[in-house]
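Report on the structure
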Amino acid sequence: MTEISNVARLSEPLKFAYWVPNVSGGLVVSTIEQRTGWDFDYNKKLARIAEESGFEYALTQTRYAASYGADKQHEATSFSLALLAATERLKVIAAVHPGMWHPGVLAKYIITADHISNGRAAVNIVSGWLKSEFTNFGLEWLEHDERYVRTEEFINVLRGLWTEKDYSQSGKYYNITDFTLNPAPVDVPGRAHPEIFFGGNSTAAQATAGRVADWYFSNGKDLEGFKDNIAGVVAAAGETGRGAEGQLAAPRFGLNGFVIARDSEKEARDTLREIVEKAHKPAVQGFRDAVQEAGASTKDGKGMWADSTFEDLVQYNDGFKTQLIGTPEQIAERIVEYKKIGVNLFLTGYLHFQEEVAAFGRDILPIVRELEADLARRNGTELVPTRPLASQARPGNPAGVGPSGTPVAAEAVAV
């Protein structure tokens, strides 16, 4: 039985996100059938399915030189803006690289997206690992830990310009002098500014997240592996006094996981086996060579993908490691085990996005909510009630609640 961490938030429903498939070829580097499109029409329909199925967030991937065996990819910020305009509740996170953007320009862009979407824009700051993208653009390439120095300054500029007038910052990479952005971001209750997500597995990444990120994203990890990542982020946050009155709120934690939900565990495991057996071996090996060089470039060898096997990398963000594979009941139980160690959000991928995102909301999310409610009660608290989505209310159960009276789907809860 997993022990409950002191950073677990048992009264808050878990949040769910999905990877926006704005890249051709789906999210596994395999010749297995993937009924997933990378075009905007497919993604617009997917986004609407997701927000009706209980998902709060979508994350649009960034890459300038298409990779992972794909040959086409849409740009993240413009694609995210289009998805925001096509939806009503979904929060869309655009992934961006410091070094590709000036933080002041991005801050202004996100403010505009925030107003267009009535406060639903967010960013994921990715320090970058693909050297050729920078050097072939004629941009400066920084070594691993130095990229996180730049990223931390970048995030500080974003937050400063979003929250202060006449903001100034003097740093190694960015110098801002008495600058005010008008309009400011949308005033959303419980939100200080558009949310700042940040990803990385290395020690430097954990420290950066602990100091400045609202959300820490990780590649797929088993329970023990993600406990270690959380501990590193929490330690860095504690050194800055985060979470105390008047200080930046404590960071929250998101984890990547590839979902294979089937009627039986055997069927799910057979699907995983088929994905790996049909891997596009040259593409996976080329990706493996690139990312493991990046992971090994850290001082302590703990960068992303440093310990990933060939099989892990068939899903290029280690999504199989999280083991969201089996029946809906098994997947829901595993999700709640991760909640016990401090996970607040799952970033999910699928073979067939439209069908499987809908199935997740229909078959898995209600069980998660029941298990969360039971976990909260057994530990002296209650799961915060949330308004059910219209798609999950049904005849004889217009409120969309489960057998014990708990909500089966969570809409956005201000935090």
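Conventions and cut-offs
- Residues numbered from 1 in each chain as written.
- Predicted model: local features only at pLDDT ≥ 70, side-chain atom pairs only at ≥ 80, totals over all residues.
- Heavy atoms only, no water.
- Helix = DSSP H or I, 4+ residues; strand = E, 2+ residues; numbered from the N terminus.
- Buried < 20%, exposed > 50% of the residue type's maximum accessible area, 1.4 Å probe, protein only.
- Areas by Shrake-Rupley, 256 points an atom, 1.4 Å probe, with all protein chains shown as cover.
- Arc of directions from axis to C-beta.
- Contact = heavy atoms within 4.5 Å.
- pLDDT = per-residue confidence, 0-100.
- Pairing = 2+ DSSP bridges.
- Phe/Tyr/Trp six-rings, centres within 6.5 Å; stacked < 30°, edge-to-face > 60°.
- Axes fitted to C-alpha atoms, helices over the stretch in contact; angles between N-to-C directions.
- Parallel < 35°, antiparallel > 145°, perpendicular 65-115°, else oblique.
- Left-handed = near helix turned anticlockwise from the far one by under 90°.
- Nonpolar A, V, L, I, M, F, W, Y, C, P; charged D, E, K, R; others polar.
- Right-handed = clockwise from strand over helix to strand, strands pointing away.

1. Comments concerning the overall build of the protein
- Looking only at helices and strands, the protein features 12 helices and 11 strands.
- For the protein, the residues scored as buried account for 58% of the 415 residues in total.
- Looking at the protein as shown, the accessible area adds up to about 16700 Å², and 52% of this sits on carbon and sulfur atoms.

2. Looking at helix α2 (residues 76-85)
- For α2, the complete set of buried residues consists of A76, T77, F79, S80, L83 and L84. Taken around the axis of α2, the buried residues stretch over an arc of 160°, which confines them to a single face.
- Lining the buried residues of α2 we find β1 (15-20), α1 (40-52), β2 (57-60), β3 (91-96), α3 (103-116) and β4 (121-125).

3. Re the environment of L345
- Position of L345 relative to the elements: it lies in strand β11 (residues 345-349).
- Placed 331 residues apart in sequence, L345 and L14 show a C-alpha to C-alpha distance of 5.6 Å.

4. Notes on the confidence of the model for the protein
- In this model, the protein carries an average pLDDT of 89, and 87% of its residues clear a pLDDT of 70 or more.
- The low-confidence segment residues 389-415 (pLDDT under 50) makes 67 contacts with residues lying over four places distant or belonging to another chain.

5. Brief notes about unusual backbone geometry
- A cis geometry characterises the amide bond from N182 onward to P183, with omega recorded as 0°.
- Of note, P183 is situated in the loop between β6 (175-179) and β7 (196-199).
- In this model, N118 sits at a positive phi of 60°, which is unusual for a non-glycine residue.
- Residue placement: N118 occurs in the loop between α3 and β4.

6. Notes on the pairing of strand β5 (residues 167-170)
- On β5, burial follows the alternation: Y167 and Q169 on one face are buried, whereas S168 and S170 on the facing-out side are not.
- Here three bridges tie β5 to β6, and the two strands are oriented antiparallel to one another. Within β6, the residue paired with Y167 across the bridge is F179.
- Joining the antiparallel neighbours β5 and β6 is a turn of four residues.

7. Here we look at the packing of aromatic side chains
- Evaluation of the coordinates by the stated rule reveals 20 aromatic pairs.
- An aromatic cluster is built from F16, Y18, F55, Y338, F346, Y350, F353 and F360, whose rings are joined through pairwise contacts.

8. Things to note about the packing of helix α7 (residues 223-240) against helix α11 (residues 328-341)
- Across the interface, α7 lies against α11 with an axial gap of 10 Å and an inter-helix angle of 30°. Overall, the two elements α7 and α11 adopt an arrangement that is roughly parallel. Handedness of the α7/α11 crossing: right-handed. The residues of α11 that touch α7, namely those facing L223, F226, K227 and I230, are R334, E337, Y338 and I341.
- Split into classes, the residues belonging to the contact of α7 with α11 amount to five nonpolar, no polar and three charged.

9. Concerning the pairing of β4
- Counting buried positions along β4 yields five of five residues, so the element is predominantly enclosed.
- The pairing of β3 with β4 spans five bridges and is parallel. By the bridge assignment, V96 is partnered in β4 with I125.
- As a crossover connection, the stretch from β3 through α3 into β4 is right-handed.

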